[in-house]
Amino acid sequence: MTTTTCGPSSTAATGSAPAVTGSAPAVTGSAPVAPPGTRERTQRRVRDGLGTSADRPDGTPKVTGAFAFSSDLHDQRMLWGRTLRSPHAHARIVSIDTSAAAAMPGVVAVLLAEDVPGKATFGLEHTDQPVLARDVVRYEGEAVAIVAAEHPETALRAIRAIEVTYEPLPLLTDPAEAATTDPIHPDGNVFRTLPLRHGDVDATGDVVVEGTYEVGMQDQAFLGPESALALPSDDGGVELFISTQWLHVDRDQVAACLALPADQVHLTLGGVGGAFGAREDVSLQVHVCLLALATGRPVKMLYSRAESFLGHVHRHPARMRYRHHARRDGTLVKVEAEILLDGGAYASSSTAVLANAVCFAAGPYRVEAARIDGQVVRTNNPPCGAMRGFGVVQVCFAHEAQMDRLAAALDMDPVELRLHNALKPGDAIITGQRLTGTAPVREVIEAAMAHPLPPDPREDEPAIALPGGAGLTARREDVRRGTGIAVSIKNLMYSEGFDDYSTARVRLETSPDGEPFATVHSACAEVGQGFVTLAQQITRTALGIERVVLHAADTGVGSAGSTSASRQTWMSGGAVQLACDTVHHGLLERARGVLGVPDEPLVLEPGRVVDPATGAEVAIAQLLRAGPLEATEEHHHAPTSTLDADGQGDAHVSFAFAAHRATVDVDPDLGLVRVLQIATGQDVGRALNPRAVIGQIEGGIAQGVGLAVMEEILVEDGLVRNPSFTDYLIPTALDMPSVAATLIEQPEPGAPFGAKGVGEPPTISSTPAVVAAIRDATGKALTRVPVRAQDIAFGEAGAIPPTAGSTSAG
């Protein structure tokens, strides 16, 4: 069960985990919100507007199986595409013989690197990855050839019939060796080096603690594998239906590789079965379009699960060394860190991931001085890029372990240490940027800690409730319980001077039955975050109508940017708001003419415009008899700056904070863990749809728990050893803890509706909270995630002493 508190009118959502009763007192409350400038002129609330837990328009189709995902795309004339991938992590291509594949009945096309008509490489930020490898392959799974055939099995046999001769090359798999090893790519082995110097870097504290930490490679593990359908257009271009996170950047990369103008490449969003960062990069987009143009027929590509593991980027593995200095009262004096990220074979968004890791290496705390050195490098390991939390997940695990080390060294309660150093509005982070918005760090910590702990175990509890579940594994008398706390800070939107914007079009008209309705056209990729719900809520509230239609997300409207960086509520929500405001203004102008009150302030109410001075009113439907009202608007956030040579600058737009308290049961001898509860306080600005916010919190915690105790892509000599959901484990409903959540609502200045993005913080500090709880139960150091059974059963003890006094759960 999820227990939720968000003010006087709190909401509760239930899940499949065991129930936990009780919730923290409300920290702050809020009334349903309206767009700035419309609240005072709206007297009555419209149904399912902002501030309500309106239903998702795609919710029922998804749970009933009627929703069409991109893997369901079909065309009567379509061919099936497949990709030949390298079995080597680093090798020279000596020769390729496609004759046997091309001669197979049912095979329509076999394409190699020389068949790419335009730019030979692509990339999200740096175009360093070949569309198809020509001379060298740099990671296992790199695309070498593509085929199109009448049947998927024919395409698979054709791929297997292509003969490639490889000459293995020396492997670079240790990121620590990348900077001093011969380049494995013409652009070199170092993607970015970022030093940060803040305050008196020579300062020292009365108490100093050090630690070395490691984070494994996590997969986004979305349930819907990569899939797309490409159709040749009559004008020589191509139409692509694709599950992605950023339609316009995909379009631009596809157009460049096809040597086509951008207006001849049209993308429409297919149903997305999860993303979490992995769909921000191009995977099969160029390949499927190449095949469609080469054959003159529609082509569908659909990855298998094993191919999906090889076909998209992952979370960057990290190695981190930290040193914290503090005064004897717990005041942080200086944080020192060395951060090394493994970017894999190609750049993707590695440079931006490193910037986040460095900027937030000290966490949500006041620190007088900092010396941080970050580097992200190229290796022959699988490429890494965006994943929920984007560089902050890695450093949060380290800096929160350090705070527990420091608390132990000071003989201080770990919660009190965090409260003592918590950032507040007006403080500066280690980049020198001051917090000009809300910063309820103390509030999120206190909210997380205020939730009741899980009840003590019962003697008659079923075996399935023990660590390891049923199967004669853990015994109740051997199980120990622990709790741990962790706190995080995350930037919202893009940073370092990027001119981020989003476009939306809103059209207000009447239906054949005379009822007014609005159509919202945005290229925002709905990947499960709920923008389709929010766009309707914004429009209902702003225009006083209930019927809102969502146009398919496509490149027929201006870019909405990427569905990432917790940005779409702020950016695309802001764009919809601006477009609605323009249409709203048009409605009022028409109403003034009809009512004969050119200078009087008018009030928009559901379905009508009212003159409050006289009580006269006119129906919206009547105002639309003169024709539809339509507006297209762009929303830009406040500008940011680049970081200087010392890593200083106002590089970020806004910040969100969260705290998590985890409770676990552990069998120390067997190394088995059951996560019982996660209690959280999260800074949300305003909860525009409380139920949707809770959904994001639950989903983010699931991925945080996964990284803490089970999720890791195992790579040996550059080869992925567990590319399946049999061997790459993710939390199921039985693994999920109960979640107790308090939403801290302090409207963010400058944010549309005062709301902050909520998708990433739940993932960031839930992982270190779980690991802190396991340390509390076992006394083991546990400096690496995911925590493995052998780390608990045989790992080093005492490096990070218990933080809350472990007790027997029996």
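Residues numbered from 1 in each chain as written. Predicted model: local features only at pLDDT ≥ 70, side-chain atom pairs only at ≥ 80, totals over all residues. Heavy atoms only, no water.

1. Focus on the pairing of strand 27 (residues 654-667)
Moving on, step 1. Of all 14 residues making up strand 27, 14 are buried, and the element is well covered by its neighbours.
Moving on, step 2. Taken together, the 13 bridges between strand 19 (residues 480-492) and strand 27 define a ladder with antiparallel strand orientation. Bridging from a neighbouring strand, Ile489 pairs with Phe657 of strand 27.
Moving on, step 3. Where strand 27 meets strand 28 (residues 672-683), 10 bridges bridge the pair, whose relative direction is antiparallel. Within strand 28, the position partnered with Val666 by the bridge is Val673.
Moving on, step 4. Adjacent in sequence and paired antiparallel, strand 27 and strand 28 are bridged by 4 residues, among which Gly671 carries a positive phi angle near 75°. (Buried < 20%, exposed > 50% of the residue type's maximum accessible area, 1.4 Å probe, protein only. Helix = DSSP H or I, 4+ residues; strand = E, 2+ residues; numbered from the N terminus. Pairing = 2+ DSSP bridges.)

2. Some details on helix 7 (residues 350-359)
Moving on, step 1. When you tally the buried positions in helix 7, you get 10 out of 10 residues, the bulk of the element.
Moving on, step 2. Every buried residue belonging to helix 7 is among Ser350, Thr351, Ala352, Val353, Leu354, Ala355, Asn356, Ala357, Val358 and Cys359, and all of these are buried.
Moving on, step 3. Buried positions along helix 7 lie against strand 10 (190-198), strand 17 (332-342), strand 18 (369-377), helix 8 (392-410) and strand 19. (Contact = heavy atoms within 4.5 Å.)

3. Notes on empty space enclosed by the protein
Moving on, step 1. Under the criterion given, the structure shown has 3 cavities of 30 Å³ or more.
Moving on, step 2. Reported here for the largest cavity is a volume of approximately 280 Å³.
Moving on, step 3. At the level of secondary structure, the elements contributing two or more residues to the lining of the largest cavity comprise strand 6 (129-130), helix 5 (285-295) and helix 6 (305-311).
Moving on, step 4. In terms of residue class, the lining of the largest cavity is built from 15 nonpolar, 7 polar and 4 charged.
Moving on, step 5. Residues lining the lining of the largest cavity come from more than one domain, with at least three contributed by each of domain 2 (71-169 + 225-272 + 279-311) and domain 3 (318-495 + 643-794).
Moving on, step 6. Roughly 50 Å³ of volume is contained in the second largest cavity.
Moving on, step 7. Glu226, Ile242, Ser243, Thr244, Ala278, Arg279, Asp281, Ser283, Gln285 and His312 together form the lining of the second largest cavity.
Moving on, step 8. Residue composition of the lining of the second largest cavity, grouped by class: 2 nonpolar, 5 polar and 3 charged. (1 Å grid on protein atoms, 1.4 Å probe; cavity = no way out; pocket = protein on both sides within 12 Å on 5 of 7 lines; lining within 4 Å. Points joined across faces, edges and corners; volume = space filled by probe spheres on them. Nonpolar A, V, L, I, M, F, W, Y, C, P; charged D, E, K, R; others polar. Domains from an automatic or database assignment.)

4. Description of the domain arrangement of the protein
How big an interface is tends to be reported as the loss of accessible area on association of its parts.
Moving on, step 1. The domain boundaries assigned to the protein delineate domain 1 (33-67 + 501-636), domain 2 (71-169 + 225-272 + 279-311) and domain 3 (318-495 + 643-794).
Moving on, step 2. Spacing between the C-alpha centres of domain 1 and domain 3 amounts to 37 Å.
Moving on, step 3. Listed by partner, the interface residues are 27 residues for domain 1 and 23 residues for domain 3.
Moving on, step 4. A buried area of about 1,900 Å², summed over both sides, lies between domain 1 and domain 3, and 62% of it is on carbon and sulfur atoms.
Moving on, step 5. Connecting domain 1 to domain 3 are 1 salt bridge.
Moving on, step 6. In this structure, Arg691 and Asp55 form a salt bridge, with 2.5 Å as the shortest nitrogen-oxygen distance.
Moving on, step 7. The tally of links from domain 1 across to domain 3 stands at 11 residue pairs in polar contact (both at pLDDT 80 or more).
Moving on, step 8. By residue number, the principal contributor to the side of domain 1 that touches domain 3 is helix 12 (residues 568-595), which donates 6 residues. (Buried area = accessible area lost by both parts, 1.4 Å probe. Salt bridge = Lys/Arg side-chain N within 4 Å of Asp/Glu carboxyl O. Polar contact = N/O pair within 3.5 Å; in protein donor to acceptor, adjacent residues only side chain to side chain.)

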